[in-house]
Protein chains: 2
Amino acid sequence: MSSTASKDDERVEEAEKLQTHRRGSGVSTVYETLRNEIIELKLPPGSPIDEQQLSDRFALSRTPIREALVRLAAEGLITTLTNRATIVSNIDFLGLPEFFDALTLMYRVTTRLAAANYADGDIAAILVQQKAFEAAVISRDVLGMISTNRDFHIAIAQAGRNRYYVELFTRLLDEGRRILRLYYSSFNDVLPRQYVGEHEEMIQAIINRDVTLADSLASAHADQIVGQIRSYITADSRQNATLAL
Amino acid sequence: MSSTASKDDERVEEAEKLQTHRRGSGVSTVYETLRNEIIELKLPPGSPIDEQQLSDRFALSRTPIREALVRLAAEGLITTLTNRATIVSNIDFLGLPEFFDALTLMYRVTTRLAAANYADGDIAAILVQQKAFEAAVISRDVLGMISTNRDFHIAIAQAGRNRYYVELFTRLLDEGRRILRLYYSSFNDVLPRQYVGEHEEMIQAIINRDVTLADSLASAHADQIVGQIRSYITADSRQNATLAL
DNA sequence: TGTATTTTTATTGTCGACAAGAAGTCGGCA
DNA sequence: TGCCGACTTCTTGTCGACAATAAAAATACA
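Residues numbered from 1 in each chain as written. Chains lettered and ligands numbered in written order. Predicted model: local features only at pLDDT ≥ 70, side-chain atom pairs only at ≥ 80, totals over all residues. Heavy atoms only, no water.

Participant: Honestly, the overall build of chain A in this entry has me stumped. Any pointers?
Facilitator: Secondary structure summary: chain A contains 10 helices and 2 strands in total. Ordered by position in the sequence, the α and β elements of chain A form the string α-α-α-α-β-β-α-α-α-α-α-α. With the principal axes as the frame, chain A shows a C-alpha extent of 65 × 55 × 35 Å. Of all 245 residues assigned to chain A, the portion counted as buried reaches 45%. Averaging the locations of the 27 positively and 33 negatively charged side chains of chain A gives two centres separated by 3 Å. (Helix = DSSP H or I, 4+ residues; strand = E, 2+ residues; numbered from the N terminus. Buried < 20%, exposed > 50% of the residue type's maximum accessible area, 1.4 Å probe, protein only. Lys, Arg positive; Asp, Glu negative; His and termini not counted. Charge placed at Lys NZ, Arg CZ, Asp CG, Glu CD.)

Given below as structure tokens:
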């Protein structure tokens, strides 16, 4: 049960704080907490999810825990083996081409729609996220870059005012976060700096309501990111490849 | 509760049959049954969902009922007012433009991908659905047309091999079924006959792997359907509009 | 008679306990 | 010694009951 001391202590503290709940609040707390931990790979793919354990941790009965788990399962973040275990869903490397295709399409569509539909306040919201991303890049906070980049693009999607796209895009970006987390140690800072510039161009195109430009910028941006992920996954780090034997 | 006698009898029989369940089967039965009834407007938007009542109907405790409801809520098919009632979600007429936009995009993308990616057996599966649609059109079974049309396009989407699109498209088509059900009495048979032809063209384009043609056919088809829904919604049936007063 | 306040009631949210199913364990047998 | 089957155990799935909450009803008051 208790694998690493420090992390468990941390969690216990969390549990203590949550001893008292407002009636329906517990389940969303559990849901959001687990969701974050899954996306941030604190709970790596394949981790077993034990209801009893969570019940202890959050000081709740198994019923609300279960409800949170059902929601996570509906989102595909966890997988339940009936009558047996429930585990954090694996990252589907086989399905990566589908993922890239959908991600690219959503980048384009949401950016297009933002340019076409944005209203008062939307640009401000986008700029807030862009500043946060910039800050993360400057301070070389790789994990921060990953999550603020996501927030930036979701802000754009929201300006586009289409809930179906926002929902799918959110899921895709969060799945992307999981993947990027796997490789974040390989991040260098040339690409992120480039992203800052690309983001700025996109914002400008949106402001100018230039749908066509927004589209092509988003498309190029998506290609960049997809290419980045691809290169991390297929990176050739065989130190001994050219060794004379 | 008891609106039409025959259908309620049917339900009772259903319930009786389910007196014994394999361990995890009850919840998916409840989920699927309710899902269908919502989409087919047997449970109209705004209908209260009473957990106790469902518990009686399916001869299950409230716990598995609740799990099914959570899943339906995650899909947006029902809305839960915390601590109060849970009702069948209303059809969002305000969000119709977003819906049409996403629907059209999914029509195009899935048909494109089908042309690009279909493999052995996919065409056969599509043809089966097309035959079913044709049969529904010939026998003027409007409700059948609505559901077989959905199945036809989902078969195409599946041939395209992108689970993200399949999932979103399924949701959109089912939401469309709810809307069309509202107006199905206004169906005439000129449009459905045209759809049969359009479907055949689409199939041919897919078989020929003509992505561009598949796209434009899908686009036109989507426009047709969107236009049809629009015309139903905004239909001017004021009998007394031109009455001399 | 109309409004504010208390009481009732109906329904959801939560709980602890039990039942069923599957994996792992142990013992028996060839 | 290796394989098969019963047994144990652990986790999930289900149940019935209780608690909290908000609407509705009933009551008191101006």
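Participant: Whenever I open this one, helix H2 (residues 25–39) of chain A confuses me. Can you help?
Facilitator: Each turn of an α-helix holds 3.6 residues, which means side chains three or four residues apart point in the same direction. Residues and elements named next belong to chain A. For H2, built from 15 residues, the straight-helix expectation of 21 Å at 1.5 Å per residue is met to within 8% by its first-to-last C-alpha distance of 21 Å. Turning to H2, its buried residues are Gly26, Val27, Val30, Tyr31, Thr33, Leu34, Arg35, Glu37, Ile38 and Ile39. At the exit of H2 stands Leu41, carrying a positive phi of roughly 60°. (Expected span 1.5 Å × (residues − 1).)

Participant: Where do I start with the protein's contact with DNA strand D in this structure?
Facilitator: Taken together, 19 residues form the shell around DNA strand D, and within it Arg62, Arg66 and Arg84 of chain A together with Arg23 and Ser61 of chain B come nearest. Atoms of DNA strand D within 4 Å of the protein belong to the sugar or the phosphate in 64% of instances, the rest to bases. Ser61 of chain B is positioned such that a nitrogen or oxygen atom in its backbone is 2.6 Å from a phosphate oxygen of DNA strand D. Of all the secondary structure elements, the ones that give two or more residues to the surface near DNA strand D are helix H4 (62–74) of chain A together with helix H4 (62–74) of chain B. The residue makeup of the surface near DNA strand D, split by class, is 4 nonpolar, 6 polar and 9 charged. (Near = heavy atom within 4 Å. Polar contact = N/O pair within 3.5 Å; in protein donor to acceptor, adjacent residues only side chain to side chain. Nonpolar A, V, L, I, M, F, W, Y, C, P; charged D, E, K, R; others polar.)

Participant: Help me understand unusual backbone geometry in this model?
Facilitator: Peptide bonds are trans in most cases, and residues, glycine excluded, mostly fall at negative phi. Not every positive phi belongs to a glycine, and Leu41 of chain A is a case in point at roughly 60°. Note on placement: Leu41 of chain A falls in the loop between H2 and helix H3 (51–58). Of note, the phi angle at Arg161 of chain B is positive, near 60°, even though the residue is not glycine. In this structure, Arg161 of chain B sits in the loop between helix H7 (142–160) and helix H8 (163–183).

Participant: I tried to follow the interface of chain B and chain A on my own but got confused; where do I start?
Facilitator: Buried accessible area, meaning the area lost when the parts come together, often serves as the stated size of an interface. Listed as interface residues are 25 residues of chain B and, on the opposing side, 26 residues of chain A. Taking both partners together, chain B and chain A bury about 2,300 Å²; carbon and sulfur atoms supply 53% of that area. The three residues of chain B that bury the most area against chain A are Glu98, Tyr164 and Tyr165 of chain B, which together make up 25% of that side's buried surface. Put simply, chain B and chain A have 8 salt bridges between them. The interface formed by chain B and chain A includes 15 residue pairs in polar contact (both at pLDDT 80 or more). Secondary-structure elements contributing two or more residues to the side of chain B that touches chain A are H4, helix H5 (96–117) and H8 of chain B. For the side of chain B that touches chain A, the element with the most residues is H5 of chain B, which contributes 8 residues. Here the side of chain B that touches chain A is composed, by residue class, of 12 nonpolar, 2 polar and 11 charged. (Contact = heavy atoms within 4.5 Å. Buried area = accessible area lost by both parts, 1.4 Å probe. Salt bridge = Lys/Arg side-chain N within 4 Å of Asp/Glu carboxyl O.)

Participant: Quick question: what am I supposed to make of the domain arrangement of chain A here?
Facilitator: Residues and elements named next belong to chain A. In terms of domain boundaries, chain A breaks down into domain 1 (5–88) and domain 2 (93–233). For domain 1 and domain 2, the distance between their C-alpha centroids amounts to 29 Å. In this assembly, 8 residues from domain 1 lie in contact with 6 residues from domain 2. Approximately 760 Å² of surface area, both sides summed, lies buried where domain 1 meets domain 2, with 53% of it carried by carbon and sulfur atoms. For the domain 1 face of the interface with domain 2, the top three residues by lost area are Ile39, Glu40 and Leu41, together amounting to 58%. Taken together, domain 1 and domain 2 are joined by 2 salt bridges. One salt bridge connects Asp174 with Arg35, and the closest N-O pair in it is separated by 3.1 Å. On inspection of domain 1 and its partner domain 2, the count reaches 1 residue pair in polar contact (both at pLDDT 80 or more). Take the side of domain 1 that touches domain 2: its biggest share by element is 3 residues, from H2. Looking at side-chain class alone, the side of domain 1 that touches domain 2 contains 5 nonpolar, no polar and 3 charged residues. (Domains from an automatic or database assignment.)

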